[in-house]
Amino acid sequence: MNLFAEWLRRCRALFQRDRLDQHLREEAEAHIEMRAAELQNEGLSPVEALSRSRKEFGPLLRMTEDSRQAWQFQTVEGLTEDVRYGLRQLAKDPGFTAICLLSLALGIGASTAVFSVIWGVLLHPYPYSGADRMVTFRVASGAGQNGFSNYLLLNEHEFEALHQSDVLDAVIATDSWDMVATGKDWAEAVRTGKLSSNALEYFGVPAMFGRIFNKSNASERVAVLSHRYWQSHYGQDPGAVGQMLQLDRENYRIIGVMPPQFAWFRDDVYIPLRSTNDPDRTYIIDGRLKAGVSRKVAEDSLQATIASFAIASPKRFPPDVRLKVRGMNSAVEEKLGGTLKSLFGGVLLLLVIGCANVSILFLVRSVCRSGELAVRSAIGASRFRLVRQLLVEALLVGTGGCTLGVLVANVAVPGILRSMPQNSFPNEAAVEVNGYVLLFAVSVSFITAMLFGLWPALESSRIDLSQVMQASSKRVLGSSARSRFNGTLIAGQIALTVFLLAAAVESTRTFLRLYRTPLGYDPSHVLIVSLQLPDGTHMEIAERQHFFAQVRQSVSDVPGVKAVGLYPFGFPPRAEFMRKLELYDQPSLTAQTVFANSISPEFFEAAGIPLVDGRLWSDAETNRAGRVAIVNRTFAERYWNGQSALGRRVRMPDFKAVTKWMLAHPGSDDWLEVIGVVGDTPNHGLSEKPRPAIYVPYSLVLTDSFNLAIRTDGDPLDYANSARRAIQAVNASQPVNEIRTAEQILGDEGWAVEKFIATLFACFSVVAIALAAVGVYSVVAFATEMRRQELGIRAALGAQRLSLMLLILHSGARAVLAGLVGGIALCGVANATLQRWTQASLSDPALIISVSFGLLLIVVAASCIPAWRGACADPIRALRENSD
Amino acid sequence: MESPQFLPGTLYMLILQALARGPLHGYAISQRIKAASAEDLSIEDGSLYPALNRMLVKGWLKAEWGTSDTNRRVRLYSLTDLGRKQAAIERQEFERLIGAIQLAMRTV
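Just so it is clear, the structure is predicted and the values come from calculations on it, not from any experiment. (Residues numbered from 1 in each chain as written. Chains lettered and ligands numbered in written order. Predicted model: local features only at pLDDT ≥ 70, side-chain atom pairs only at ≥ 80, totals over all residues. Heavy atoms only, no water.)

1. Some remarks on unusual backbone geometry
Residues and elements named next belong to chain A.
- A cis amide bond, omega 10°, links proline 572 with the succeeding residue proline 573.
- Positionally, proline 573 belongs in the loop between β14 (561-567) and β15 (578-583).
- Non-glycine residue aspartate 248 carries a positive phi angle of around 45°.
- Backbone geometry at histidine 538 places phi at a positive 50°, although glycine is not the residue there.
- As for its placement among the helices and strands, histidine 538 is situated in the loop between β13 (526-532) and α18 (541-556).
- Looking at histidine 538, the relative accessible area reads 12%, which means it is buried. (Helix = DSSP H or I, 4+ residues; strand = E, 2+ residues; numbered from the N terminus. Buried < 20%, exposed > 50% of the residue type's maximum accessible area, 1.4 Å probe, protein only.)

Written as structure tokens, this is what we have:
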């Protein structure tokens, strides 16, 4: 209570400062006069009395100052003063301030931007409740299969059984399927998530409008729209709730719209999964572990359950099934985690380099301000007071850097997102400069301000007054300790820059190596159109085959189309369908696997894959599902080393219909005769050698989705609409899923991550070079300034300008060389980490040496400018200035 | 600030004591302290005012302008209720301190 009243009184005094001063003045006068009158009475002369009275009263100034202080919020007002003074100091030296702010803004901006990506993509990608305990299940074969795993697919009955598990908190079944929006003018594919009735409650995300479905209303035909679909198809009209949506000729009542971050499987519409009791209809299973249950424990606990399902229906599970429990974001973490971590490391280095710059500048400036500091110290400022003043200035620069940095981040985040590989982060991820990111930026700025401000502040507040009085202040304060510190900072900066530069060059080389990999196919001018058959259509094999052939023919009739090939999935550089392989003439070879592609023979022409040996199969062979096969060169070389592959027989024992939606000709798993050999294409990413691949007629096994590879004349995307029309001319209700080009696929699958790393590291290293150059420039300029008198004497005694310049450069040479050596050492040390996170390696000595040499040139250039200027200074003036 | 010959905090106590018998202006307070202590506790006159201001902030004193005996415009300080309470506390504390010191001097 007392404290509050006191606080109020202080507040009031804030607004009555002038009156307080006036009171004090008047009081002091009265006091002195009264005392003087008394002294006069004691017999002193009026003049004497007055002077004695004044002397007794003591210094008037201190009395006013102390009294004023009684009323102040001590620290706050002191700080406001410091801030005001600091701002004035910064404004007085705009060049200095600008360089400091720029150094910090770049460092803070870059690290904030990368942090916001890490936050959105790795740390907090999902809006779901308990997302860190949510897992996906994968199954793999215990034997071989090269670590290949698939989603765990369970039928309804098995899904129900999983609810009993004591390691799972909840489990949901989902299925994403294209349905056709009917009742409109044209057929449009609607990506529909069929979710078990508990799923929307499981996610714990409330609807933005309307409500979600749950156990109570899941038996009705209801639908919940995704935010994206609601935007694009309902123009953000909240009235969408309650309307009807016709899917596959059935009406669904829209009961809700989800918020934007709910993007499960990027579906358009969510409907309840309808019970079918069909044991062949399977769903993707997801679950949330009970708190405290590790993935390993869950894996061990559920393995037996899954194994028992596999025994009951072996057809649907790989042999010797192994369950894998993985975090929801595991795939993203594996693909991008290392990349983002190394980028974050890179930006932190950048930040350190920027801070070193600011630190150097602060130190240099504190020397130039030594006169001011000495005066303040002489009139009684404590060291704490001086340090506080300097730290406040550092914080001001930090605050400015933070503000600018956040602006930089705001610009950089969309840029980073654009250059990030497509589909490489969770659909739900919202990468933005949000509150957490701001908090990061602010704390980073604060910490860096303390880092770069503290040492210079401590150093320059250590003032030996007598020395300042006696000697030229500059000479004293430009002492060796300080130049050693500057040297260390410069060396550190250069070391980090060497490292960043080496990483940038190396990641660019990695990218270019991938980019220039001989492909074995020609991705230019190829359009890829993906189709999925509406659920339950074309279920008769001959009819489905005929439909595929019709679609292919219709598209190849489009003018300008050169060739159209059918394939079910997996376009280079990645194949997706791996099957077991047996060879007729080498029965001893077991546990072999091969990438299987069931295609139409025009696929080779469309993709630009050359036929090396033998022939392609004919239309007649396609129509009767002939038992023929074409292998790639790697296949032929691995199994029939040097001898002709033609006429050999191979078999894929599990190449048959494994789900209801695949239709197989009887005997698709029979022996097939090799009739041709084609060139290799990458089928497991660009960085790995092609693996054995086999191509068979698509009519052997027909899936319910297929792709058209269309080789065109000119820009393939110009053909998107005509291809769509040609497909719907065959069947108006066949929707088109996705249209891309082979080049886009190559980019996304082949080198997008490497390009991303290379681009960002290149940006970082350019900034790092600029910062290091500025740092070196300031230090050399400072050293030149300190030695002006000496240089003047030397010049007056006849030293050549060139030798003077060399003299100046020489003083900085040790720091620069130490930095280069440190950088090379750092490359060696950090190599292992970098290799673990990315494909880049810093072990090439030529790379390191050329990078160091390049940086050396830049640094020398940066120091030559001030050194030359120093060497050219008029000696007379330099000498005269100092004798003042 | 308090001059070195004071025990810390005594200046407050002396001022409170001086004002216990009624409002005084600054000069009178310093006179009263000097006189009462037989000139032993002389303070630098100027240092009285910061102390008075600190006490105003704490709410022990209030100040208003008035006229002196010699018809001069002066600022008169007087005790508030809080100040009177504080005076009692300070006196007690001081006596306890002195008592403790005397005890120590006798026994050690």
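Picking up after the structure, the text goes on.
2. Comments concerning the pattern of salt bridges
All names here are of chain A.
- Throughout the structure, instances matching the rule amount to 34 salt bridges over all chains.
- For arginine 509, the salt bridge is made with glutamate 506, and the minimal N-O distance between the two is 3.2 Å. Placement of both arginine 509 and glutamate 506 in helix α17 (residues 480-515) is noted, with a separation of three residues, approximately one turn of the helix.
- Taking the relative accessible area as the measure of exposure, arginine 509 reaches 36% and is therefore partly exposed.
- We classify glutamate 506 as buried; its relative accessible area is 5%.
- Bridged by salt links that share partners, the residues Arg35, Glu38, Arg52 and Glu56 form one connected network. (Salt bridge = Lys/Arg side-chain N within 4 Å of Asp/Glu carboxyl O.)

3. Re the sheet that holds strand β1 (residues 24-25) of chain B
All names here are of chain B.
- The three strands are arranged β1-β3-β2 in an open sheet whose pairing can be described as antiparallel. This sheet does not close on itself; its edge strands, each paired only once, are β1 and β2 (61-67).
- Where β1 meets strand β3 (residues 73-79), two bridges bridge the pair, whose relative direction is antiparallel. Its bridge partner lying in β3, histidine 25 is registered against leucine 76. (Pairing = 2+ DSSP bridges.)

4. Quick look at the interface of chain B and chain A
- At the junction of the two partners, chain B supplies 25 residues and chain A supplies 24 residues.
- Overall, the association of chain B and chain A removes approximately 2,300 Å² of surface from exposure, summing both partners, and the carbon and sulfur fraction of that is 55%.
- Together, Tyr27(B), Tyr49(B) and Val57(B) form the three largest contributors to the area buried by chain B at its contact with chain A, with a combined 29%.
- Viewed at the interface, chain A and chain B are joined by three salt bridges.
- The salt bridge partner of Glu33(A) is Arg72(B), with a shortest N-O separation of 2.5 Å.
- On inspection of chain B and its partner chain A, the count reaches ten residue pairs in polar contact (both at pLDDT 80 or more).
- Going through the elements one at a time, α2 (26-36), α3 (48-58) and β3 of chain B are the ones with two or more residues in the side of chain B that touches chain A.
- For the side of chain B that touches chain A, the element with the highest residue contribution is α3(B), accounting for seven residues.
- Among the residues forming the side of chain B that touches chain A, the class breakdown is ten nonpolar, seven polar and eight charged. (Contact = heavy atoms within 4.5 Å. Buried area = accessible area lost by both parts, 1.4 Å probe. Polar contact = N/O pair within 3.5 Å; in protein donor to acceptor, adjacent residues only side chain to side chain. Nonpolar A, V, L, I, M, F, W, Y, C, P; charged D, E, K, R; others polar.)

5. Some details on the sheet that holds strand β25 (residues 736-741) of chain A
Residue and element names in this part refer to chain A.
- Spatially, the four strands line up as an open sheet ordered β14-β24-β13-β25, and their pairing is antiparallel. Both outer strands of the open sheet, β14 and β25, are each paired with one neighbouring strand and no more. Pairs of neighbouring strands in the sheet enclose a mean axial angle of 20°, with direction left out of account.
- As paired strands, β13 and strand β24 (residues 705-712) are joined by seven bridges and run antiparallel to one another. Residue pairing in the sheet places leucine 531 in a bridge with phenylalanine 706 of β24.
- Those strands touched by helix α23 (residues 742-786) are β13 and β25, and its axis lies near 80° from that of β25. (Axes fitted to C-alpha atoms, helices over the stretch in contact; angles between N-to-C directions.)

6. Overview of the nonpolar core
- Counting residues in each nonpolar core, the largest one holds 92 residues, and the members touching the most others are Leu340(A), Phe452(A) and Ile494(A).
- Secondary structure elements with two or more residues in this core: α6 (94-123), α11 (330-368), α13 (383-419), α14 (435-461), α17, α23, α25 (801-837) and α26 (845-872) of chain A.
- The dominant element in this core, judged by the number of residues it contributes, is α11(A), at 19 residues.
- Counting 31 residues, the second largest nonpolar core, distinct from the first, contains Ala28(A), Ala18(B), Ile29(B) and Trp60(B). (Core = buried A, V, L, I, M, F, W, Y, C linked by side-chain atoms within 4.5 Å.)

7. What to know about the environment of Tyr229(A)
All names here are of chain A.
- For tyrosine 229, the position within the fold is in helix α9 (residues 227-234).
- In this structure the C-alpha to C-alpha distance between tyrosine 229 and valine 257, which are 28 residues apart in sequence, comes to 9.2 Å.
- Sequence-distant contacts of tyrosine 229, that is, excluding residues within four places in its chain, are made with Lys184, Glu188, Val190, Tyr234, Leu245, Asp268 and Val269.

8. A word on α13(A)
- Relative to the 54 Å expected for 37 residues at 1.5 Å per residue, α13(A) spans 50 Å between its end C-alpha atoms, a close match to the ideal helical length.
- By the largest-angle criterion, Ala412(A) marks the main kink of α13(A), which is about 30°, and a proline, Pro414(A), follows within four residues. (Expected span 1.5 Å × (residues − 1). Bend = angle between axes of the 7 residues up to and from the residue.)

9. Section: the pairing of β13(A)
- Among the seven residues in β13(A), seven count as buried, and that is most of the element.
- A two-sided burial pattern is seen for β13(A), the buried positions comprising Val526(A), Ile528(A), Ser530(A) and Gln532(A) on one face and Leu527(A), Val529(A) and Leu531(A) on the other.

10. Description of the environment of Asn71(B)
- Tracing the backbone shows Asn71(B) in the loop between β2 and β3.
- Taking C-alpha positions, Asn71(B) is 45 Å from Ile101(B), a pair spaced 30 residues apart along the chain.

11. Topic: the packing of helix α1 (residues 10-19) of chain B against α2(B)
Residues and elements named next belong to chain B.
- Across the interface, α1 lies against α2 with an axial gap of 10 Å and an inter-helix angle of 105°. Taken together, α1 and α2 sit at an angle that is classed as roughly perpendicular. Counting all contacts with α1, which are made through Leu11, Leu14, Ile15, Ala18 and Leu19, the residues of α2 involved are Ile29, Arg32 and Ile33.
- Here the contact of α1 with α2 is built from residues that sort into seven nonpolar, no polar and one charged. (Parallel < 35°, antiparallel > 145°, perpendicular 65-115°, else oblique.)

12. Thoughts on the pairing of strand β8 (residues 244-247) of chain A
All names here are of chain A.
- Residues Leu245 and Leu247 line the buried face of β8, whereas the alternating positions Met244 and Gln246 sit on a face that is not buried.
- Two strands pair when backbone bridges link them, and β8 and strand β9 (residues 250-257) are joined in this way by four bridges, in the antiparallel orientation. Looking at β9, one finds that glutamine 246 is bridged to asparagine 251.
- Hairpin connection between β8 and β9: a loop of two residues separates the two successive antiparallel strands, and aspartate 248 in this loop has a positive phi of roughly 45°.

13. Some details on the confidence of the model for chain B
Residues and elements named next belong to chain B.
- Model confidence for chain B is summarised by a mean pLDDT of 80, while 84% of its residues fall at 70 or above.
- In this model, residues 1-5 is a region of pLDDT below 50 whose contacts with residues beyond four sequence positions or in other chains number nine contacts.
- Both confidence scores are given for the complex: pTM 0.74, ipTM 0.85. (pLDDT = per-residue confidence, 0-100.)

14. Focus on the packing of aromatic side chains
Residue and element names in this part refer to chain A.
- By the definition in use, this model includes 39 aromatic pairs over all chains.
- Summarising the aromatic geometry, the rings of tyrosine 151 and phenylalanine 265 are spaced 6.4 Å apart at their centres and angled 50° between planes, so their arrangement reads as tilted. On the criterion of sequence distance, the pair formed by tyrosine 151 in strand β2 (residues 150-151) and phenylalanine 265 in the loop between β9 and β10 (269-272) is long-range, its members being 114 residues apart.
- Judged by centre distance (5.4 Å) and plane angle (65°), the rings of tryptophan 264 and phenylalanine 265 are edge-to-face.
- Three or more aromatic residues joined by ring pairs form one cluster here, namely Tyr126, Tyr128, Tyr151, Tyr202, Phe203, Phe262, Trp264, Phe265 and Tyr270.
- Across the ring face of tyrosine 252, the terminal group of arginine 221 is positioned such that the distance to the ring centre comes to 5.9 Å.
- One cation-aromatic arrangement involves arginine 579 over phenylalanine 577; the distance from NZ or CZ to the ring centre is 4.1 Å. (Phe/Tyr/Trp six-rings, centres within 6.5 Å; stacked < 30°, edge-to-face > 60°. Lys NZ or Arg CZ within 6 Å of the ring centre and 35° of its normal.)

15. Concerning helix α4 (residues 60-71) of chain A
- Look at α4(A): 17 Å from first C-alpha to last across twelve residues, which is about the 16 Å you get at 1.5 Å a residue.
- Its buried side turned inward, α4(A) meets α1 (2-14), α2 (17-41) and α3 (46-57) of chain A together with α3 of chain B.

16. Topic: the side chain of Ser530(A)
- Within the secondary structure, Ser530(A) is located in strand β13.
- For Ser530(A), the side chain forms a polar contact with the side chain of Asn707(A), separated by 2.7 Å.

17. Overview of the environment of Glu156(A)
All names here are of chain A.
- Assignment of secondary structure puts glutamate 156 in helix α7 (residues 156-162).
- Residue classification places glutamate 156 among the buried residues on the basis of a relative accessible area of 18%.
- C-alpha separation for the pair glutamate 156 and serine 668, spaced 512 residues apart in sequence, amounts to 29 Å.
- For glutamate 156, the contacting residues outside a window of four places in its chain are Arg274, Ser275, Thr276, Asn277, Arg281 and Tyr283.
- Within the local environment of glutamate 156, its side chain forms a polar contact with the backbone nitrogen of threonine 276, the two atoms lying 3.0 Å apart.

18. Focus on the packing of α6(A) against α11(A)
Residue and element names in this part refer to chain A.
- With their axes 9 Å apart at the nearest point, α6 and α11 run at an angle of 165° to one another. The pairing of α6 with α11 is recorded here as roughly antiparallel in orientation. Judged by the sense of rotation from one axis to the other, the crossing of α6 with α11 is left-handed.
- Its residues placed into classes, the contact of α6 with α11 shows 24 nonpolar, six polar and two charged. (Left-handed = near helix turned anticlockwise from the far one by under 90°.)

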